[in-house]
Amino acid sequence: MEWETVIGLEVHVQLRTRTKMFCACRTSFGDPPNTNVCPVCLGLPGALPVPNAEAVRLGAAAALALGCTVRHTSVFARKNYFYPDLPKGYQISQFDQPLATGGRVAFESPERGRVQVGITRLHLEEDAGKLVHDRFPGKTAVDLNRAGVPLAEIVSEPDLRSPAEARAYLTTLRQILIYAGASECSMEQGSLRVDANISIRRPGESRLGTKAEVKNLNSFANVERALEAERDRQMGLLDRGERVAQVTLLFNAASGQVKQLRSKEESHDYRYFPDPDLPSLVLDEAWIAERREALPELPEARRSRLELALGIPAYDARVITSEVPLADYFESVVAQGVDPKAAANWVMGDVLATFNETGGFPVSADRLAGLVSLVRAGTLSHQAAKRVYAEMAHSPDGEPAAVAERLGLVQVSDQGALTGWVDEVLAANPAEVARYRAGETKLMGFFVGQVMKRSQGKADPKGVQPVLAEKLK
Amino acid sequence: MSIGRDEVLHVARLAELAVRDGELDRLVEQLNRIVDYVAQLDRVPAAARMAEPFVPGPRSVALREDVVDPVPLARPPAALAPEFADGFFLVPRHGAMEDS
Amino acid sequence: MSASAVARETGARLAAAQPLNAVLHWSQDLLDAEAARVDAMRTRGPLAAVPLALKDNIVTVEQPTTCASRILEGYLSPFTATVVNRLRAAGVLIAAKTNMDEFAMGSSTEHSAYGRVNHPADPARVPGGSSGGSAALVAAGVVPVALGSETGGSVRQPASFCGVVGMKPSYGRVSRYGLVAFGSSLDCISIFSRNVMDAGRVLSVMSGHDPLDATTVDQAPMPMPSGLGDLRGLRIGLPREYYPEDLDPGVAAALQSTREVIRDLGAEIVDVSLPHSPFAVPTYYIVAPAEAAANLARYDGVRYGPRGAGPDGDIRSLYQATRGEGFGAEVRRRILVGTYVLSAGYYDAYYRKAQQVRALIAEDFQRVFASGVDLLLTPTTPTPAFRAGEKTADPVSMYLADIFVCAISLAGLPAVSLPAGRSEGLPVGAQLIAPYFQEERLLAAAAAIERALPAEAEVR
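From a predicted model like this one, the values you see are computed outputs, not experimental measurements.

Novice: In this structure, what is going on with the overall build of chain B? I would like to understand it.
Specialist: A tally of helices and strands in chain B yields 3 helices and 2 strands. Counting helices and strands in the order they occur from the N terminus, chain B gives α-α-α-β-β. What you see for chain B is a C-alpha radius of gyration of 23 Å, clearly larger than the 13 Å of a compact globule of 100 residues, by over 25%. Principal-axis analysis of the C-alpha atoms gives chain B an extent of 55 × 45 × 30 Å. Within chain B, the proportion of its 100 residues that are buried is 29%.

As C-alpha cells, then:
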C-alpha cells in the first residue's frame with residue numbers, strides 16, 4: 001500500500017553567548033560539575049532571572065536568517081514540570097508569544113529537488129542541567145553547569161516528506177545558523193539537538209495522521225535512521241490495519257530501534273503561564289532593522305555570488321560554502337589574484353582534507369596563493385606543488401618558493417640539464433628507442449615519465465618533450 | 001463547578017504532593033469551597049473584561065549585557081545539598097531517565 | 001549612642017519579647033557583629049545604628065531563612081537580599097528574622113510551622129499576617145522598624161491589627177532579589193514602623209532599580225522624606241465599595257474621625273467608586289496561588305533543604321514525600337488550587353479570567369486618579385484583630401480579612417496603613433492609597449494626618 005510520510009522537526013540550538021540566558025554564569029563546556037552555578041541557575045529561594053541581551057540579539061539574528069518575522073512583543077512563560085535536571089521546577093521558555101514566527105528555509109531535497117520548509121516559530125528558552133546515570137550505583141547525579149544555557153527552539157512545519165529530506169533540511173538549517181553567527185551547532189557538545197514528529201497518511205490526504213515524537217537524536221545520521229525505523233513501524237501498523245498511538249519515543253543508536261518513553265511525557269500538562277518575574281520582551285522596529293543590517297551574508301547568497309561573480313561551477317560553490325571558514329579562505333586566496341577555478345580545486349582538494357583533519361588552515365591563504373602562482377609560472381609542477389603544500393601544512397614556516405627550493409622541487413627548464421637527463425634515459429632504454437623510431441610514437445609518454453623520474457620531478461615537462469622529439473628523430 | 005477526589009489526586013500528582021491518609025476528603029471539601037468562591041468572577045461580564053492583561057512594573061524587560069559576573073555563593077552547593085558527591089547532587093536512580 | 005550599645009539594648013528587648021513568639025532567629029553574637037560593623041563604618045549612614053527586623057522570607061547569609069516552613073528548616077542562604085545590602089550600607093543593624101505565615105500564605109500568622117505569633121495587646125488574638133512577627137516586634141517596641149512582605153496586604157493588615165504604620169511601596173519600586181517568591185507579580189517588600197517618617201527613610205534607602213530584578217522600575221531611589229506634609233488643596237476620595245453597611249462599628253468610627261481630621265487639615269473629601277474592587281479577593285486567590293504553585297516547585301529535596309524519604313525510593317516518591325511532609329496545610333491547599341487553575345481545560349475559566357478582572361481592578365484606580373483625586377482613604381481591615389483559631393477552619397473566611405488590601409496589591413499601587421484609634425482597646429487602621437510611584441505624595445499626606453490623629457484614643 002502507498003503511504004506518505006510527514007515529518008516536522010523541533011531543533012534546539014545553543015546560542016553563542018558567554019553567559020547563561022538568565023544569569024551571569026559562564027556557558028563553557030566541560031568544566032567540573034556544578035562550578036558554573038549561581039543562585040539563579042541553582043533555583044535558590046529569592047533568586048530572580050534577568051535576560052541576556054546577547055542571547056536576544058542572536059535569537060533575532062537566527063530568526064531573521066530563517067526568514068522569520070521578529071515580533072515586537074514576546075513573552076517569557078513558565079513551563080511547569082518536575083525533573084531533577086530542572087532546578088526551579090519550571091523552565092523559562094516562550095509559549096503563545098514567541099520571539100519570531102513565519103519563516104522558511106529552501107534546500108535541496110534528495111527526492112524532490114529544491115523545496116521549502118516553513119518555520120512555524122523560533123523562541124528563546126533556557127536549557128536544563130545534565131544527568132549522569134552511570135557514575136554512582138543506584139543514583140542519578142545532577143550537574144547544573146548547563147542549566148540556564150540559552151537556547152533557541154526552531155519548530156518547522158510538517159513539510160518534510162522523508163527521513164532523508166529531514167536530514168537535508170537539518171544540514172541546511174545548521175549552515176544558516178552558523179553563518180548567522182547564532183550558534184556553533186555542535187551535536188557533540190550538545191549545542192544542537194533534534195526532536196522529530198512523524199506521521200503517516202495516504203498520499204493526497206490533507207489531514208495529518210497520528211504523530212509520534214522521537215527524541216534523543218544525537219546526530220543527523222541518527223535522525224534519518226530513527227525516522228526510517230519509526231516510519232517503517234507506523235507503516236507496518238497501518239498495513240496490518242492497526243492504529244498508530246500518539247507516543248513519545250527514544251531512539252537507541254546502538255540497536256537502531258525506537259523505544260517508548262514513560263516518565264514526564266506521561267502527563268503533558270505543562271501549565272504554561274507568563275513568567276511574572278519577566279516583563280515582556282519589547283523590540284522596536286529600529287532594533288530589528290539593525291539586527292537585519294548586521295546579518296552576515298548567508299550560505300545561499302554566498303553560493304550564488306561565488307558562482308556568478310567568480311564563475312566557479314555550482315558544485316564547487318556548494319562544497320566551498322559548506323563551511324564558513326572554508327569559504328573565507330577560498331575568497332582570500334582568490335583576492336590574491338589566483339584564478340578562481342584553480343583556487344577552488346586546491347580548496348576542495350588538499351585544503352579541505354587538511355581542514356577536515358585539523359580543523360584549521362596551517363597553510364595561509366597568502367602562501368597558497370604564492371604556491372599556485374609558482375605552478376602557473378612553471379617553477380613547480382603540480383605534483384611538486386602538492387608536496388610543497390604537504391610540507392608547509394606539516395611545518396608551517398617558510399614561503400612556498402623557499403620550501404620548494406629546500407625540497408629541491410624547483411622545476412628545471414634549463415636546456416643543458418634537460419638534455420643531460422634525456423640522454424641518460426635514451427641510453428638506458430635502447431629497445432624503446434628502436435620501437436619509437438619504428439613508428440611507435442605513443443612511447444613519447446613513457447620517455448617523458450622516465451625523464452621526470454630521473455629528474456625527481458624537477459624537469460619541466462613542457463621543456464622535456466621538444467628535447468626528446470629532437471633526440472629521437 | 002465541583003472538583004472530585006480523582007481530580008484532587010491528579011492535581012496533587014502534577015504538583016508532586018503526597019496526600020496524607022485521611023486528608024483527601026477534607027481537601028476535596030476545602031478546594032471546592034475555594035473554587036466555588038473564586039468562581040464569582042463569572043459575574044463580571046465577559047464584554048467588560050480587558051483583553052490585555054495588567055502587569056505592574058516596567059512595560060518592557062531590561063536586558064543584561066553578556067558579561068561573566070555571577071552573584072557569588074557564600075557557601076558551595078555541597079553545603080546546601082541533602083546528598084552530594086564528587087561535585088554532583090545525587091538523587092535516586094530514575095529508570096525512565098536511563099536512556100537520556 | 002553607639003551601635004554596640006543599641007545592639008545590647010535590642011538584644012535585651014528581644015529576649016524579653018520571647019513570649020510573643022515573633023522571632024524565629026536571632027543571637028546576641030550576630031547582633032554584636034552587626035554593631036561592630038556599623039561602628040567601624042567611616043561615614044555615618046542615614047540609618048546608622050537603627051536595629052531592624054526582617055521577615056524570615058528575606059535571605060541573609062548569616063542567619064537561616066525558613067519562611068516558617070519545615071521544607072526550609074535550617075536553610076542558610078549563600079547570598080543576601082539586595083534590600084539588606086542597601087540597608088546595611090546605610091548603617092542598619094539586622095536584629096532578627098521574624099515569624100510569619102508559612103511562605104507568607106495567611107492573614108493571621110497562625111500558619112507558621114514554628115507556632116503562632118501572639119498579638120502584643122492580647123495574646124488570645126492574632127497580630128494579623130502574614131508578616132505578623134515583624135508587626136508584633138514593632139508594636140511591642142522591640143525594634144523601631146521591621147521589614148515584612150506583601151503579596152495581598154500582608155503588611156498593611158497586620159500593621160492595622162497591631163497599631164503601627166505599615167507601608168507598601170509601588171510594585172517595582174523595591175528590589176525583590178532575595179525575597180523568597182510567593183506571588184511574583186504581587187510581592188513587595190514593605191515596611192513596619194512606629195511613624196510615617198521612619199517608613200519613608202527606610203523606603204528611601206531600599207528603593208531604586210536593581211539590575212538583579214527585572215521587575216524593578218529604572219528610577220532613582222525615592223528622596224529622603226522632608227517630614228512636612230500639607231493636605232491643603234488635596235482631593236481625597238472615599239471609594240464607596242470600601243465602606244459596606246456591615247463594616248465593624250469600631251472601624252467605621254475610626255474612619256469617621258480620620259475623615260474629620262483630613263477635612264480639618266484642608267483637604268477636600270469626595271465620593272468615588274471602584275466598581276471592580278469587590279472582585280479583588282477572588283481574583284487574588286487565583287493569581288497568587290497560580291504563581292505560588294510554580295514558585296514553590298523548586299522545593300523538591302534535590303539541591304537544598306531537608307529531604308523526605310518516599311516509600312518507593314525513587315525520584316517521584318522523594319518529591320512527593322519531601323513536599324507532602326515539608327509544606328503545611330495552607331501551603332499545600334494553595335499549591336493545589338494554583339495547579340488546578342492553570343491545568344489543562346481550566347486555564348481560561350480561572351487564570352485568564354482573573355488576569356482580565358485584575359486589569360479592570362487596576363483600571364478603576366487609574367480612572368479615579370485621572371479624574372483629579374490625589375489619594376484614596378479606606379479602612380485597612382473590616383474588623384480589628386480577631387481571635388486565634390477564629391478563622392482557621394474555613395480558609396475563605398480567613399481570605400476575607402484582606403478584603404480592603406487586596407485590590408491595591410493587584411493594581412501594584414503604594415499604600416500605607418496608619419493607626420487611627422482604638423476600638424475596645426484594639427488598634428484600627430486607616431489606609432491611604434496613592435497613584436503608581438507617588439510615594440512622596442503618599443508619605444507627606446500620611447505624616448500630616450498622623451500628627452493630627454489621636455492614634456491611641458478610643459474611637460467610640
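Novice: What's the story with the overall build of chain A in this structure? I'm lost.
Specialist: Secondary structure assignment for chain A yields 15 helices and 16 strands. Relative to a compact globule of 473 residues, whose C-alpha radius of gyration would be 23 Å, chain A shows 30 Å and is clearly more extended. For the C-alpha atoms alone, the extent of chain A along its principal axes is close to 95 × 55 × 55 Å. For chain A, buried positions account for 44% of its 473 residues. The long-range fraction of contacts in chain A, counting pairs at least 24 apart against all pairs at least 6 apart in sequence, stands at 69%.

Novice: How should I be thinking about the interface of chain B and chain A in this particular structure?
Specialist: Frequently, the measure chosen for interface size is the accessible area that the parts lose on association. Each partner contributes residues to the interface: chain B has 33 residues there, and chain A has 45 residues. Each residue belonging to the side of chain B that touches chain A can be placed in one class, and the counts come to 19 nonpolar, 5 polar and 9 charged. Inspection of the sheet shows strand β9 (residues 139–143) of chain A paired to strand β2 (residues 88–92) of chain B by 4 bridges, in the antiparallel sense. Opposite A:V142, over in β2(B), you have B:F89 as the bridge partner.

Novice: Is there a simple way to think about the nonpolar core in this case?
Specialist: What tends to happen in soluble globular proteins is that the nonpolar side chains get buried as a cluster. Among the nonpolar cores identified, the biggest contains 279 residues, and A:A62, C:L52, C:L93 and C:L432 are the most heavily contacted of them. Broken down by element, the residue count for this core peaks at 11 residues, all from helix α8 (residues 280–295) of chain C. The contact partners of C:L52, leaving out residues within four places of it in the chain, are C:L87, C:V92, C:L93, C:I94, C:A95, C:V143, C:V145, C:A146 and C:L147. Core analysis: the next-biggest nonpolar cluster, separate from the first, contains 33 residues, A:V347, A:A369, A:L374 and A:A384 among them.

Novice: I keep staring at the interface of chain B and chain C and nothing clicks. Help me out?
Specialist: On the side of chain C, 56 residues touch chain B, which itself brings 43 residues to the contact. Considering only residue class, the side of chain B that touches chain C consists of 32 nonpolar, 4 polar and 7 charged.

Novice: Would you take a moment to explain helix α2 (residues 24–38) of chain B for this structure?
Specialist: End to end, α2(B) covers 21 Å across 15 residues, agreeing with the expected 21 Å (1.5 Å per residue, within 8%). The secondary structure elements touched by the buried residues of α2(B) are α1 (5–14) of chain B together with α8, α10 (329–342), α11 (348–370) and α12 (395–399) of chain C.

Novice: Sorry, what's going on with the environment of C:A253 here?
Specialist: Residue and element names in this part refer to chain C. On the secondary structure map, A253 appears in helix α7 (residues 249–264). Along the sequence, A253 and G421 sit 168 residues apart, while their C-alpha atoms lie 9.0 Å from each other. Those residues in contact with A253 that sit more than four places away from it in its chain are S423, V459 and R460.

Novice: When you look at the sheet that holds strand β4 (residues 76–80) of chain A in this model, what are you seeing that I'm missing?
Specialist: For sheets, the rule is that strands pair by backbone hydrogen bonds, running either parallel or antiparallel. All names here are of chain A. Spatial strand order, β5-β4-β15: 3 strands in an open sheet with antiparallel pairing. Lying at the two open borders of the sheet, with one neighbouring strand each, are β5 (90–94) and β15 (273–274). As judged from the 2 bridges shared by β4 and β15, these two strands associate in the antiparallel manner. Residue pairing across strands places A77 opposite P274, the latter belonging to β15.

Novice: What's the story with the environment of C:G183 in this structure? I'm lost.
Specialist: Residue and element names in this part refer to chain C. With respect to the helices, strands and loops of the structure, G183 is situated in the loop between β5 (165–168) and β6 (188–193). Put simply, G183 and A288 are 105 residues apart on the chain and 4.8 Å apart in space, counted from C-alpha to C-alpha. For G183, the residues in contact, after removing those within four places along its chain, are T151, V287, A288, E291 and A292.

Novice: What is the right way to look at the confidence of the model for chain B in this model?
Specialist: As a note on interpretation, predicted positions should not be read in detail where pLDDT is low. Overall, the prediction assigns chain B a mean pLDDT of 89, with 90% of residues at 70 or greater. Overall fold confidence for the complex sits at a pTM of 0.92, while the interface term, ipTM, reaches 0.97.

Novice: Would you explain the packing of helix α12 (residues 415–428) of chain A against helix α14 (residues 444–454) of chain A in this entry?
Specialist: The description of two helices packed together rests on the angle between their axes and the distance between the axes. Residue and element names in this part refer to chain A. Contact pair α12 / α14: the axes reach a minimum separation of 9 Å and the direction vectors enclose 115 degrees. α12 and α14 meet at a crossing whose hand is right-handed. On α14, the residues touching W421, V422, E424 and V425 of α12 are F447, Q450, V451 and R454. Tallied by class, residues from the contact of α12 with α14 come to 5 nonpolar, 1 polar and 2 charged.

Novice: Even after reading the chapter, I still don't get the pairing of strand β2 (residues 51–55) of chain C, so can you show me in this structure?
Specialist: Walk down a regular strand and you will see the side chains alternate between the two sheet faces. Residue and element names in this part refer to chain C. Counting buried residues along β2, 5 of its 5 residues qualify, which places the element largely inside the surrounding structure. Neither face of β2 is open: one carries P51, A53 and K55, the other L52 and L54, and all of them are buried. A crossover connection joins β2 to the parallel strand β3 (residues 93–98) through helix α3 (residues 82–89); in handedness this β-α-β unit is right-handed. Pairing of β2 with strand β4 (residues 145–150), which is carried by 3 bridges, proceeds in the parallel orientation. Directly across from L54, in β4, lies its bridge partner L147.

Novice: Before we go on, may I ask you to explain the environment of A:L295 in this structure?
Specialist: All names here are of chain A. Note on placement: L295 falls in the loop between α4 (285–294) and α5 (299–310). Classification of L295 as partly exposed rests on a count of 16 C-beta atoms within 10 Å. C-alpha separation for the pair L295 and A65, spaced 230 residues apart in sequence, amounts to 7.4 Å. Beyond its immediate stretch of four places on either side in the chain, L295 contacts A61, L64, A65 and A180.

Novice: Please clarify how the pairing of strand β11 (residues 192–201) of chain A should be interpreted in this entry.
Specialist: Examined bridge by bridge, strand β1 (residues 4–14) of chain A and β11(A) share 10 bridges and lie antiparallel to one another. The partner of A:G8 across the bridge, within β11(A), is A:N197.

Novice: I tried to follow unusual backbone geometry on my own but got confused; where do I start?
Specialist: Residues other than glycine predominantly adopt negative phi, and peptide bonds predominantly adopt the trans conformation. All names here are of chain C. Cis peptide bonds are those with omega within 30 degrees of zero, and the linkage from G129 to S130 qualifies with 15 degrees. Here S130 is to be found in the loop between β3 and α4 (132–139). Even without being glycine, A49 reaches a positive phi, approximately 60 degrees. With respect to the helices and strands, the residue A49 is situated in the loop between α2 (28–39) and β2. Even without a glycine there, the phi angle at F437 is positive, about 65 degrees. For F437, the position within the fold is in the loop between β11 (426–433) and α14 (439–452). On the basis of neighbour count, F437 is assigned to the buried category, with 20 C-beta atoms found within 10 Å.

Novice: Looking at this model, I keep getting lost on the sheet that holds strand β1 (residues 84–85) of chain B. Mind explaining?
Specialist: If you walk across this open sheet you meet the 4 strands as β8(A)-β9(A)-β2(B)-β1(B), and the pairing is antiparallel. Unpaired on one side and paired on the other, β8 (130–132) of chain A together with β1 of chain B mark the two borders of the sheet. Of the pairings in the sheet, the one linking β8(A) to β9(A) comprises 3 bridges and is antiparallel in character. Paired with A:L131 across the strands is A:V142, a residue of β9(A).

Quick notes on the rules
- Residues numbered from 1 in each chain as written.
- Chains lettered and ligands numbered in written order.
- Predicted model: local features only at pLDDT ≥ 70, side-chain atom pairs only at ≥ 80, totals over all residues.
- Helix = DSSP H or I, 4+ residues; strand = E, 2+ residues; numbered from the N terminus.
- Rg over C-alpha atoms; globule rule 2.2 N^0.38 Å.
- Buried ≥ 20, exposed ≤ 12 C-beta atoms within 10 Å, placed from the backbone.
- Contact = placed C-beta atoms within 7 Å.
- Nonpolar A, V, L, I, M, F, W, Y, C, P; charged D, E, K, R; others polar.
- Pairing = 2+ DSSP bridges.
- Core = buried A, V, L, I, M, F, W, Y, C linked by C-beta atoms within 7 Å.
- Expected span 1.5 Å × (residues − 1).
- pLDDT = per-residue confidence, 0-100.
- Axes fitted to C-alpha atoms, helices over the stretch in contact; angles between N-to-C directions.
- Left-handed = near helix turned anticlockwise from the far one by under 90°.
- Right-handed = clockwise from strand over helix to strand, strands pointing away.

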